[in-house]
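Per-entry structural report
One-letter residues, chain by chain:
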Amino acid sequence: MKYDYLVAGAGLFGAVFARQAKDAGKRVLVIERRNHIAGNVYTEEIEGIQVHRYGAHIFHTNSRRVFDYISRFAEFNRFTNSPVANYHGELYSLPFNMYTFNKMWGVVTPEEAAAKIAEQREAAGITHPKNLEEQAISLVGTDIYEKLIKGYTQKQWGRPCTELPAFIIRRLPVRLTFDNNYFNARYQGIPIGGYTKLVENLLAGIEVRTGVDYLKQKSELDAEAEKVIFTGPIDEYFGYSLGALQYRSVRFETEVLDKPNFQGNAAVNYTDGETPWTRIIEHKWFEFGKDAEGNDLPKTVISREYSSEWKIGDEPYYPVNDERNGKLYERYRELAQKERRVIFGGRLGEYRYYDMDAVIGAALTLADSEIGGRRTDCGERG
Ligand code: UDP
């Protein structure tokens, strides 16, 4: 065998595992079916701006170890994510905080805001939220649910909020303070120079072949390596033999505009049900910070994001982690455990709505158990 590990997929999971294996003296080959590395965190430069080609990625974590680890491969800026919600032209602060409550209800103090939420929760009669709709109303009341959650979520997931798991909305903080920071994370930022550069640095000195589809050349590639780390879709690996898992796909319409400042913020979410896109990203604001006023670059690049149901052949983005898919995934996982030479990892290999820091933590944990050596204990979620 020429290699100890064949890593299929050059996204964050594959690149971190490959780095750890290489540093432990293992022989590693990384293959990637796209014609570029970095998976969905891929960024490319347009008009001097790092464009997040597969959607906005804002790194955030509470794990000091994950942050220290990834900081070896890129320097992070101090970007704080504060998306704005646009509901039919009315603007609200996100995540849900005192600015949002003040604009929605005119309340001024945290007590007034808490009382308003409690009043709406009680009127809706929700005690034990069973789905996303009930969870949302129970957290922030019916007005915010109707204006800022319902339309956005139904566009994003293509399903009614009553059919979606409650955990999705618990990703967002609810605060009785004037704090527009979208994440409860001690460390956050965007890698200076882009994510592609970060992944290039992770893969430095490692053999990488892009444009190679593992599943199309499985037997010849398997013959080259002792073990395979597979980071593609677990159901595709098994030829969808038990049926396809559901994913949401995303399409981006990216435009270069001849003006320095389009929307004054990195992310504006269109939370009504009628606007066809879910959000617009103005990429330059991830990089330069809001103080730069945009005047240093005469142009700007924006991406409108449209969500759609995934079908075979599309790019899968979000796993639809409802009960039905959860059960199907468990059956695929049982098959996966019987594949003695193959380990499945990452967002698609584990069918998880993974944040980047958790992916990195999981890849480090796998590398520790596979390759041994120093324990990094990076499994904590950000
Ligand atoms: N969400 C919402 N309104 C918003 C932003 C988010 O209702 O303006 C809900 C929606 O259901 C979404 C979930 O919160 O799927 C998680 O949002 P997050 O920003 O974490 O999604 P991501 O950035 O991963 O797409």
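See above for the structure.
Quick look at the structure, then. Since the model is a prediction, treat every value here as computed from it, not as a measurement. (Residues numbered from 1 in each chain as written. Predicted model: local features only at pLDDT ≥ 70, side-chain atom pairs only at ≥ 80, totals over all residues. Heavy atoms only, no water.)

Focus on the overall build of the protein chain
Applied cut-off: Secondary structure elements are defined from DSSP: runs of H or I of at least 4 residues count as helices, runs of E of at least 2 residues count as strands, and each element is numbered from the N terminus. It is over C-alpha atoms that the radius of gyration is taken, and the globule rule equals 2.2 Å times the number of residues to the power 0.38. Accessibility here uses a 1.4 Å probe with only protein chains present; expressed as a share of the type maximum, an area under 20% marks a residue as buried, one over 50% as exposed, and anything in between as partly exposed. In what follows, residue pairs with any heavy atoms lying within 4.5 Å of each other are defined as contacts. Shrake-Rupley sampling with a 1.4 Å probe provides the accessible areas, and residues are treated as covered by the protein chains on show and by no other component.
Helix and strand counts for the protein chain stand at 12 helices and 16 strands. At 22 Å, the protein chain has a C-alpha radius of gyration in line with the 21 Å of a compact globule built from 382 residues. Of all 382 residues assigned to the protein chain, the portion counted as buried reaches 57%. Of the contacts formed within the protein chain by residues at least 6 apart in sequence, a portion of 73% connects residues at least 24 apart. Working note: accessible area of the protein chain is about 16900 Å², and carbon and sulfur atoms make up 47% of it.

Some words on the sheet that holds strand β2 (residues 28–32)
Inclusion rule: DSSP-based pairing: two strands are paired if at least 2 bridges between them are found. Throughout, an axis means a line fitted to C-alpha atoms (over the contacting stretch in the case of helices), and angles, computed between N-to-C directions, take values from 0 to 180 degrees.
Strand order across the open sheet formed by 5 strands is β9-β2-β1-β10-β16, with parallel pairing between neighbours. The sheet terminates laterally at β9 (207–210) and β16 (342–344), the two strands that pair on one side only. Going across the sheet, the axis of each strand differs from the next one's by a mean of 20°, ignoring polarity. As judged from the 5 bridges shared by strand β1 (residues 3–8) and strand β10 (residues 225–230), these two strands associate in the parallel manner. Across the sheet, Y3 pairs through a bridge with A225, a residue of β10. Strands β1, β2 and β10 of the sheet are contacted by helix α1 (residues 12–23), whose axis makes an angle of about 165° with β1.

Here's the deal with the site of the ligand
Our working definition: Residues are counted as near a molecule or strand when any one of their heavy atoms sits within 4 Å of it. We call two N or O atoms a polar contact when they sit within 3.5 Å, provided that within protein one can donate a hydrogen and the other can accept it, with sequence-adjacent residues counted only if both atoms are side-chain atoms.
As a matter of local geometry, the ligand sits amid 17 residues, with T153, R171, Y182, Y318 and Y353 nearest to it. At 2.5 Å, a side-chain N or O of Y318 approaches an oxygen atom of the ligand. At a separation of 2.6 Å, an oxygen atom of the ligand approaches a polar side-chain atom of Y353. Protein burial of the ligand: of its 520 Å² of free accessible surface, 92% is covered by the chains. Broken down by element, the residue count for the shell around the ligand peaks at 6 residues, all from helix α5 (residues 132–157).

A few points about the layout of surface pockets
Vacant regions in the atomic arrangement are exposed by a probe of water-molecule size rolled over the atoms. Basically, it comes down to this: Here the term cavity refers to a set of points on a 1 Å grid, laid over the protein atoms alone, in which a 1.4 Å probe fits but cannot get out; the term pocket refers to an open set having protein on both sides within 12 Å along at least five of seven lines, with lining residues being those that place an atom within 4 Å of a point. Grid points are joined across faces, edges and corners, and a volume is the space filled by probe spheres set on the points. Just so you know the grouping, Ala, Val, Leu, Ile, Met, Phe, Trp, Tyr, Cys and Pro go in nonpolar, Asp, Glu, Lys and Arg go in charged, and all remaining residues, Gly too, go in polar.
Roughly 210 Å³ of volume is contained in the second largest pocket. Lining the second largest pocket, in full, are I234, Y329, R333, A336, Q337, E339, R340, V342, F344, G349 and E350. When contributions to the lining of the second largest pocket are tallied by element, the ones reaching two or more residues are α10 (323–338) and β16. Sorting elements by how many residues they give to the lining of the second largest pocket places α10 first, with 4 residues. Within the lining of the second largest pocket, the residues separate by chemical class into 5 nonpolar, 2 polar and 4 charged.

Thoughts on α5
The condition is simple: Under the convention used throughout, the expected extent of a helix is 1.5 Å for every residue step, that is, one less than its residue count. Values of bend correspond, residue by residue, to the angle between axes fitted over the seven residues ending at that residue and the seven starting there.
The end-to-end C-alpha distance of α5 is 11 Å, clearly below the 38 Å that 26 residues give at a rise of 1.5 Å each. The sharpest bend along α5 comes to roughly 120°, located at G141. You can read the cap of α5 off the contacts: a side-chain oxygen lies 3.1 Å from the backbone nitrogen of E133, and it is on N131.

As for the pattern of salt bridges
For side chains bearing opposite charge, pairing can occur when the charged atoms are close. We apply this condition: Any carboxyl oxygen of Asp or Glu that lies within 4 Å of a side-chain nitrogen of Lys or Arg is treated as forming a salt bridge with it.
Counting across every chain of the model gives 28 salt bridges. Note that K150 is salt-bridged to E146, the shortest N-O span being 3.9 Å. Note that K150 and E146 are positioned in helix α5 at a spacing of 4 residues, about one turn of the helix. Taking the relative accessible area as the measure of exposure, K150 reaches 28% and is therefore partly exposed. What you see here is one network of salt bridges that share partners, running through R33, D213, K216 and E236.

Some points on the packing of α1 against helix α12 (residues 356–371)
The condition that has to hold: Note on convention: the crossing is left-handed when the near helix lies turned anticlockwise from the far helix by less than a right angle, right-handed when the turn is clockwise.
The interhelical angle for the contact between α1 and α12, taken along N-to-C directions, is 35°, at an axis separation of 8 Å. In this structure, α1 crosses over α12, and the sense of that crossing is right-handed. Seen from α1, the contacting residues are L12, F13, V16, F17, Q20 and A21; seen from α12, they are M356, V359, I360, A362, A363, L364, L366, A367, E370 and I371. Across the contact of α1 with α12, the residue classes break down as 14 nonpolar, 1 polar and 1 charged.

With respect to the pairing of strand β12 (residues 267–270)
Every second residue of β12 is oriented toward a common face, with A267 and N269 on one face and V268 and Y270 on the other, all of them buried. Where strand β6 (residues 84–87) and β12 come together, 3 bridges link them in parallel fashion. Looking across to β12, one finds that A85 is bridged to N269. In this sheet, strand β13 (residues 279–282) lies alongside β12 in antiparallel orientation, the contact comprising 3 bridges. The residue bridging V268 from the neighbouring strand is I280, located in β13.

Side note on the packing of aromatic side chains
What counts is decided by this rule: Centre distance within 6.5 Å is the pairing criterion for rings of Phe, Tyr and Trp, where only the six-membered ring of Trp is used; planes under 30 degrees apart are then read as stacked, over 60 as edge-to-face, and the remainder as tilted.
According to the stated counting rule, one finds 28 aromatic pairs in the structure shown. Consider the rings of Y69 and F73, whose centres lie 5.3 Å apart with planes at 55°: the pair is tilted. Residue classification places Y69 among the buried residues on the basis of a relative accessible area of 6%. Between the aromatic rings of F238 and Y332, the centroid separation amounts to 6.1 Å while the plane-to-plane angle is 25°, which identifies the pairing as stacked. Of this pair, F238 sits in the loop between α8 (234–237) and β11 (247–257) while Y332 sits in helix α10, and the two are 94 residues apart along the sequence. An aromatic cluster is present here, built from Y214, F230, Y237, F238, Y332 and F344 joined pairwise through their rings.

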